[in-house]
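Fold and contact review
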Amino acid sequence: MDHEHHHAAAEQQDGRALTRSAISATAHCLTGCAIGEVLGMVIGTALGWGDLATIVLAIALAFLFGYSMTIVPVLRAGVGLGAAIGVAFAADTLSITVMEIVDNLFMVLIPGAMDAGLTSWLFWLSLAAALAIAFVLTVPVNRVLISRGKGHAVAHQYH
């Protein structure tokens, strides 16, 4: 019984460490995604673009900045550009994809959020809430990926 208790405690500790890693990976992803997402929303809204064009720009910039957040440290670790891009794709694609689907869907579903304008509290509150919800829903995705040695676990060795 004592052995079983220690085994269960070790598994619980490993589970907490895995969750902490997933939260860290998701925060890393959120940083790049948020920069791109906010920039895309601001540019599209400021230029008076429609929802679809604004969302496409926001997603493209989210991927650009999200991947860059991984590529730069991997390059600093001495890895070549082609390999660094491969690491970023392997580490971040699913995480960024989930985050972008959730936050853009949320922005579209909030009545008036996309049309509110840059000076509106509705626009900024909706965008902040969208990113927060995307973070919460992406943590379990990253937890599963890391537990399988995929996702951000691929890039971890370079940090």
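For the structure itself, consult the block above.
**Quick word on the overall build of the protein**
Helix and strand counts for the protein come out as five helices and zero strands. The secondary structure elements of the protein, listed N-terminal to C-terminal, are α-α-α-α-α. Taking all 159 residues of the protein together, the buried fraction comes to 38%. Long-range pairs, those at least 24 residues apart, make up 69% of the contacts in the protein between residues at least 6 apart in sequence.

**Looking at the packing of helix α3 (residues 81-109) against helix α4 (residues 121-147)**
Helix-helix packing is described using two parameters, namely the angle between the two axes and the distance between the axes. Following both chains from N to C, one finds α3 and α4 inclined at 150°, their axes separated by 8 Å at the closest point. With respect to each other, α3 and α4 are oriented roughly antiparallel. When the axes of α3 and α4 are compared, the crossing they make is right-handed.

**Considerations on the environment of F63**
Its location among the elements puts F63 in helix α2 (residues 51-76). Along the backbone, F63 and D92 are 29 residues apart, and their C-alpha atoms lie at a distance of 8.8 Å. Excluding its chain neighbours within four sequence positions, the residues that come into contact with F63 are T93, I96, T97 and E100.

**Brief notes about the packing of aromatic side chains**
Following the criterion strictly, the structure yields three aromatic pairs and no others. When the ring of Y67 is compared with that of F89, the centres are 4.7 Å apart and the planes differ by 55°; the resulting orientation is tilted. On the criterion of sequence distance, the pair formed by Y67 in helix α2 and F89 in helix α3 is long-range, its members being 22 residues apart. For F89, a relative accessible area of 44% translates into the label partly exposed. Taken together, a centroid distance of 4.9 Å and an interplanar angle of 90° make the contact between F123 and W124 edge-to-face. Given a relative accessible area of 0%, F123 falls into the buried group. Ring-pair connections join several aromatic residues into one group, and the members of that group are F63, Y67 and F89.

**Examining the nonpolar core**
A general feature of soluble globular proteins is that nonpolar side chains tend to end up buried together. Core analysis: the largest hydrophobic core is formed by 30 residues, its most contacted members being C33, M41, Y67, I96, M99, M107 and L127. Of all the elements in the fold, those that place two or more residues in this core are α1 (2-46), α2, α3 and α4. With residues near it in sequence (within four places) discarded, M107 still touches M41, A113, M114, F123, S126, L127 and A130. Ranked by size, the runner-up nonpolar core spans five residues in total, among them L18, A22, V139 and I146.

**Some points on the state of the cysteines**
One pass over the structure, following the stated rule, counts zero disulfides. Free cysteine C33: the closest other cysteine sulfur is in C29, separated by 3.7 Å. Judged by its relative accessible area of 0%, C33 falls in the buried class.

**Considerations on the environment of G40**
Along the polypeptide, G40 turns up in helix α1. Judged by relative accessible area, G40 falls into the buried class, the value being 0%. In this structure, the C-alpha to C-alpha distance between G40 and A58, residues 18 residues apart in sequence, is 3.8 Å. Setting aside anything within four residues of it in sequence, one finds G40 in contact with T54, L57, A58 and L61.

Rules and cut-offs
- Residues numbered from 1 in each chain as written.
- Predicted model: local features only at pLDDT ≥ 70, side-chain atom pairs only at ≥ 80, totals over all residues.
- Heavy atoms only, no water.
- Helix = DSSP H or I, 4+ residues; strand = E, 2+ residues; numbered from the N terminus.
- Buried < 20%, exposed > 50% of the residue type's maximum accessible area, 1.4 Å probe, protein only.
- Contact = heavy atoms within 4.5 Å.
- Axes fitted to C-alpha atoms, helices over the stretch in contact; angles between N-to-C directions.
- Parallel < 35°, antiparallel > 145°, perpendicular 65-115°, else oblique.
- Left-handed = near helix turned anticlockwise from the far one by under 90°.
- Phe/Tyr/Trp six-rings, centres within 6.5 Å; stacked < 30°, edge-to-face > 60°.
- Core = buried A, V, L, I, M, F, W, Y, C linked by side-chain atoms within 4.5 Å.
- Disulfide = S-S within 2.5 Å.

Just distances and angles here, no functional claims.
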